[in-house]
Amino acid sequence: MSKLLVKGGSSLNGEVRIKGAKNAILPILAATVLTEEECVIRDVPHLTDIANMLRIIEGLGAKCLVEQDVITVKNDDLTSHNVPTDLAKELRSSFFLLGPILGRMRRAVVAYPGGCDIGVRPLDIHLKGLREMGIAIEESHGMIYCDGGRLKGADVALDFPSVGATENLMMAAVLAKGTTRITNAAKEPEIVDLQNFLNAMGAKVSGAGSGRITVEGVPKMHGCTYTPIPDRIVAGTLLIAGATCGGNVCITNAVPEHLEPLLFKMSKSTCVISQQSDRISLSASGRPRGFDKLETQPYPGFPTDLQSQMMVMMSVAEGTGVIVENIFETRFRIVRELTKMGAMITVKDRAAVIRGVKRLEGAAVSAGDLRGGAALVIAGVRADGYTVIDHANYIDRGYESIEKTFGALGAEIKRLE
Ligand code: UD1
């Protein structure tokens, strides 16, 4: 379990280039299973979630090569349709391998997955959709057994626009016979990116981003070279850090449109934001101005993955505000840690009331999930004195060397073990 030591009190100044999005790359790696030809993915950050996904597909028989930020995958000799159980328990995204494995091999076995403990995270929407596509599913002793002998295109209406379920069904549909129409599909930019990747492999997918996705099955897919979209959550985390700690932060290789829900909120605070093609610059000084209310929603609403970071900003902002978390019910566990640092937050069910304070104090805190961990780094940089963040390995799931990224902006962060 690694620890980070953060020396507080720095403002953040400098430029950071954003790499490919973890949440786009994980389904893209899963989708490589759909072809026996070589796929090359560029601009990939070094993250433990991505390393785990590679180990999982290697367990199926994939040959993976990582050279700096380029991953080459060849699935010409898939030997297994069983997602390795020990690895699946590490990574929730292992579950959306069901779709591509079923597409390619017509059978799949996977354990109930793990991942960050940020809520109940059921799988009913995935399983209902797959059943509607003709897949016979049996659940027994924590394992899910799928027989895709009758896989076919179908009309599937999701009860909720789940990101993972939308991706799973898209990937199951590309090699199915007939047309699949997914309604109430998730609209996240990563869904559009998956569509673009699948089409680059020869699939016929349209409508991603609109909530209605159509997939016309094709008999075969082929390899491709692809650069995924930049990580909007890493970009957002750095912008929020700049607004919280003060300074001049510039991020490049960003897509401002993907960050609109955040930029809209930020524009109401005291920071000044400017955009120029793929550059977003933020300049902030003094205490930020808080918001009356922030509510997480599926895209294009405010992302749950930036909620904890905004909670830190509101903790030191002028005024009192409310955050409502509608997606993952246990994301407020960070409140206990922020309280140790002097934040004034009360929680009732899915709502947190945050009274901004002038100062936070360094403390020994513990990351409970990936985004909460990144939020604690921001809090540590903003606080007086030293903060030690335990379980920093959570942060490594989605941020490449967070200590180096923040270090490039002038923060003093050391990895202790
Ligand atoms: C993905 C992202 C995660 C992000 C989340 C919401 C990846 C790898 N992860 O997670 O970073 O926080 O989207 O934007 O892309 N649900 C059900 N039944 C299901 C599936 C989901 O009830 O079968 C519920 C979940 O418990 C949750 C909500 O739907 O309350 C959203 O989940 P979902 O969109 O599926 O998130 P993930 O794909 O797990």
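A quick note: this is a predicted structure, and the numbers were derived from the prediction, not measured. (Residues numbered from 1 in each chain as written. Predicted model: local features only at pLDDT ≥ 70, side-chain atom pairs only at ≥ 80, totals over all residues. Heavy atoms only, no water.)

1. Digging into unusual backbone geometry
Part 1 of the argument: In this model, Y299 is joined to P300 through a cis peptide bond whose omega is 10 degrees.
Part 2 of the argument: With respect to the element layout, P300 can be found in the loop between strand 17 (293-295) and helix 10 (307-315).
Part 3 of the argument: For N253, which is not glycine, the phi torsion reads 55 degrees and is therefore positive.
Part 4 of the argument: Looking at where N253 falls in the secondary structure, it is placed in the loop between strand 14 (247-252) and helix 9 (260-266). (Helix = DSSP H or I, 4+ residues; strand = E, 2+ residues; numbered from the N terminus.)

2. Focus: the site of the ligand
Part 1 of the argument: Near the ligand you find 18 residues, and of these D124, I125, S162, D305 and I327 are the closest.
Part 2 of the argument: In this structure, D305 approaches the ligand through a side-chain N or O atom, which is 2.6 Å from an oxygen atom.
Part 3 of the argument: For the ligand, whose free accessible area comes to 740 Å², the fraction covered by protein is 86%.
Part 4 of the argument: Secondary structure elements with two or more residues in the shell around the ligand: helix 5 (124-132) and helix 6 (163-173). (Near = heavy atom within 4 Å. Polar contact = N/O pair within 3.5 Å; in protein donor to acceptor, adjacent residues only side chain to side chain. Areas by Shrake-Rupley, 256 points an atom, 1.4 Å probe, with all protein chains shown as cover.)

3. Some words on the side chain of N168
Part 1 of the argument: As for its position among the elements, N168 is in helix 6.
Part 2 of the argument: Once you skip the residues sitting within four places of it in the chain, N168 turns out to touch F95, F96, L98, G99, P100 and H126. (Contact = heavy atoms within 4.5 Å.)

4. Re the nonpolar core
Generally speaking, soluble globular proteins have nonpolar side chains that are buried together.
Part 1 of the argument: Membership of the largest hydrophobic core comes to 77 residues, with the highest contact counts inside it found for L97 and L198.
Part 2 of the argument: When neighbours within four sequence positions are excluded, L97 is seen to be in contact with A30, V33, M53, I56, I57, L60 and V83.
Part 3 of the argument: Within the second largest apolar cluster, 68 residues are counted, among which are L282, I354, A379 and A383. (Core = buried A, V, L, I, M, F, W, Y, C linked by side-chain atoms within 4.5 Å. Buried < 20%, exposed > 50% of the residue type's maximum accessible area, 1.4 Å probe, protein only.)

5. Topic: the pattern of salt bridges
Part 1 of the argument: For the structure shown, the criterion picks out 22 salt bridges.
Part 2 of the argument: Note that K128 and D159 form a salt bridge whose closest N and O atoms lie 3.2 Å from each other. Of this pair, K128 sits in helix 5 while D159 sits in the loop between strand 9 (155-157) and helix 6, and the two are 31 residues apart along the sequence.
Part 3 of the argument: Residue K128 is classed as partly exposed on the basis of its relative accessible area, which comes to 37%.
Part 4 of the argument: Between D305 and R371 there is a salt bridge; the shortest N-O distance is 4.0 Å. Linking D305 in the loop between strand 17 and helix 10 with R371 in helix 12 (residues 370-382), this pair joins segments that are 66 residues apart in sequence. (Salt bridge = Lys/Arg side-chain N within 4 Å of Asp/Glu carboxyl O.)

6. So, helix 4 (residues 98-105)
Part 1 of the argument: The buried fraction of helix 4 is high, at 6 of 8 residues.
Part 2 of the argument: Residues L98, G99, P100, I101, L102 and G103 constitute the buried set of helix 4.
Part 3 of the argument: Among the structural elements, helix 1 (22-31), helix 2 (48-60), strand 6 (107-111), helix 5, strand 8 (143-147) and helix 6 are those in contact with the buried residues of helix 4.
Part 4 of the argument: Phi for R106, located one or two positions after helix 4, is positive at around 65 degrees.

7. A word on the pairing of strand 18 (residues 320-324)
In the case of a regular strand, side chains alternate between the two sheet surfaces.
Part 1 of the argument: As paired strands, strand 17 and strand 18 are joined by 3 bridges and run parallel to one another. Its bridge partner lying in strand 18, K293 is registered against V322.
Part 2 of the argument: Taken together, the 5 bridges between strand 18 and strand 20 (residues 351-355) define a ladder with antiparallel strand orientation. Each residue of the ladder has a partner; that of V324, found in strand 20, is A351. (Pairing = 2+ DSSP bridges.)

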